[in-house]
Amino acid sequence: MSVTTAPPPAPDASARFNPITPISRALTWLVSRYLPDPLIFAIILTVLTFGFAWWLTPSGPVDLVRMWGNGFWNLLAFSMQMALVLVTGHALASSEPVRNVMGRVASIARTPAQGVMLVCFAAAVTNVVNWGFGLVVGAMFAREVARRVPKSDYRLLIASAYIGFMTWHGGFSASVPLVAATKGNPMEKTVGLIPIADTIFTTYNVGITLALIVVLPLVCRMMHPKPHEVVAVDPALLKPEPSTKRVLGPDASPAEKLEESRVLGFVVAALGIGYLFLHFQAKGFDLNINTVNLIMLVAGLILHGTPMAYARAVANAARGTAGIMVQFPFYAGIQIMMEHSGLGGLITNLFVDIANKETFPVLAFLSSGLINFAVPSGGGHWVVQGPFIMPAAQQLGVDLGKAAMAIAYGEEWMNMAQPFWALPALAIAGLGVRDIMGYCATALVITLPIFLIGLYF
């Protein structure tokens, strides 16, 4: 990334000292020096998981190698889904109508501090609706704010978009509570089904999620560097992508006319809209990663106009999927080693064994945060931790919905120190993980009391 340091203008309110500033500076310095590239991070986690499983569980090295190899490709379908989240979201956001809307909303911010607050707030709200949509739109919106607000710190804008991701497990696409309420899930025979009225729509979840929506933008504002320390992106990198529309000449061939036909694009869009109508009619407001991708694909086709215009937008977006393709298999292998060796259960039981009815949700939350380094997936947490957390909660008389949400909160909270889910946002932004994770780690520290108070009281 090409960046420039802004000259020191007159100080403003965002540059005044506040208690978060030293935390943010220290963690940013620490991350910039010691956090490796996400691929190296995944490889190191693989080695550590292998070593601890060999040391602490009955599994031998041959067993672990077999587990790792058998699990390495288990996330292929999920990897494709995530690649499509990035590609369809990017293609949709690059359409002229969406760029115009984002530009008008971005113009609400008049100062860099207002810009990071607006980005974080928008990301937090959209992630409550759906995590895939919020993850992509937040990053695209951050780029638009960077274009509109001079002297913005580009690193913090993108970090603010990712920090907003911390609300997703309290929203409508939260995988742990949705799986816990679904027939046939791995824990149904043990603890039964847990309705979303006992998880997503509880008072404590609404309170925690609203608190995050309010507090996170304020934290981002307080982390904004002093004007002379701002790192601004090269304006050339923020230029809107060239139009994907192609004007045909009078001598265009029948094949070219077919490629640029609006009729074909609208036929496909009509099929997609028809399916979505039937899906929501049958299942209610069931937003999952596949329906979100279809919504973004249909909307992108309509807004770009022709199939080939959309294909060109997708080609521009596909360059950012390299990290997803390479790194997700490593986490699939790690997850299987954690699950099949029993290491995940061993770590969970270290916390569960010292818990009582009052402290159980908090300790389950902390154990989930620790395991998230190796299993950065909500559904993966339910598989790895559910068999240990849920029976223990039942035995202690802990509310099962709160126990499930403790697993969910630990996952979303520790995402601020785990770069796995930052990959789509970083690909859109053209940044590296060290550019944003110091700010994210600061949000991790500052928001801990919100989760602890919500779960304990």
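For clarity, every value in this text was computed on a predicted model and none was experimentally measured.

Peer 1: Help me understand the packing of helix α17 (residues 343–352) against helix α18 (residues 360–371), please; the structure alone is not making it clear to me.
Peer 2: In a pair of packed helices, the angle between the axes and the distance between the axes together describe the arrangement. Contact pair α17 / α18: the axes reach a minimum separation of 9 Å and the direction vectors enclose 150°. The orientation of α17 relative to α18 falls into the category roughly antiparallel. Both α17 and α18 take part in a crossing whose hand is right-handed. Contacts between α17 and α18 involve G344, I347, T348, F351 and V352 from the former and F360, L363, L366, S367, L370 and I371 from the latter. Broken down by class, the residue content of the contact of α17 with α18 amounts to eight nonpolar, three polar and no charged.

Peer 1: Even after reading the chapter, I still don't get the layout of surface pockets, so can you show me in this structure?
Peer 2: Empty pockets left among the atoms are what a rolling probe the size of a water molecule brings to light. One number sums up the size of the largest pocket: a volume of about 780 Å³. Along the wall of the largest pocket there are 30 residues; nearest its centre are S173, S175, L178, V179 and N288. Those elements that provide at least two residues to the lining of the largest pocket are α4 (76–93), α9 (175–180), α14 (289–304) and α19 (378–396). Considering every element that reaches the lining of the largest pocket, the biggest residue donor is α19, with four residues. When the residues that make up the lining of the largest pocket are grouped by side-chain class, the tally is 17 nonpolar, 11 polar and two charged.

Peer 1: It is not clear to me how the pattern of salt bridges should be interpreted in this structure. Could you clarify?
Peer 2: Within the structure shown, the criterion is met by five salt bridges. Here E144 and R148 are joined by a salt bridge, their closest N and O atoms 3.2 Å apart. Of this pair, E144 and R148 are both found in helix α7 (residues 131–148), four residues apart, which corresponds to roughly one turn of the helix. With a closest N to O distance of 2.8 Å, D153 and R155 form a salt bridge. In this structure, D153 and R155 share a single accessibility class: buried. What you see here is one network of salt bridges that share partners, running through E144, R147 and R148.

Peer 1: Sorry if this is basic, but what is going on with empty space enclosed by the protein here?
Peer 2: Under the counting rule described, the total for this entry stands at two cavities of 30 Å³ or more. Quantified by volume, the second largest cavity comes out at close to 50 Å³. Lining the second largest cavity are L75, F78, Y331, Q335, V375, P376, S377 and F420. Among the residues forming the lining of the second largest cavity, the class breakdown is six nonpolar, two polar and no charged.

Peer 1: Could you clarify how one ought to interpret the nonpolar core in this entry?
Peer 2: F360, M390 and I436 are the most contacted members of the largest nonpolar core, which totals 121 residues. Residue contacts for M390: discarding those within four places in its chain leaves M187, V191, I194, W382, L400, A403, A404 and I407.

Parameters and conventions
- Residues numbered from 1 in each chain as written.
- Predicted model: local features only at pLDDT ≥ 70, side-chain atom pairs only at ≥ 80, totals over all residues.
- Heavy atoms only, no water.
- Axes fitted to C-alpha atoms, helices over the stretch in contact; angles between N-to-C directions.
- Helix = DSSP H or I, 4+ residues; strand = E, 2+ residues; numbered from the N terminus.
- Parallel < 35°, antiparallel > 145°, perpendicular 65-115°, else oblique.
- Left-handed = near helix turned anticlockwise from the far one by under 90°.
- Contact = heavy atoms within 4.5 Å.
- Nonpolar A, V, L, I, M, F, W, Y, C, P; charged D, E, K, R; others polar.
- 1 Å grid on protein atoms, 1.4 Å probe; cavity = no way out; pocket = protein on both sides within 12 Å on 5 of 7 lines; lining within 4 Å.
- Points joined across faces, edges and corners; volume = space filled by probe spheres on them.
- Salt bridge = Lys/Arg side-chain N within 4 Å of Asp/Glu carboxyl O.
- Buried < 20%, exposed > 50% of the residue type's maximum accessible area, 1.4 Å probe, protein only.
- Core = buried A, V, L, I, M, F, W, Y, C linked by side-chain atoms within 4.5 Å.

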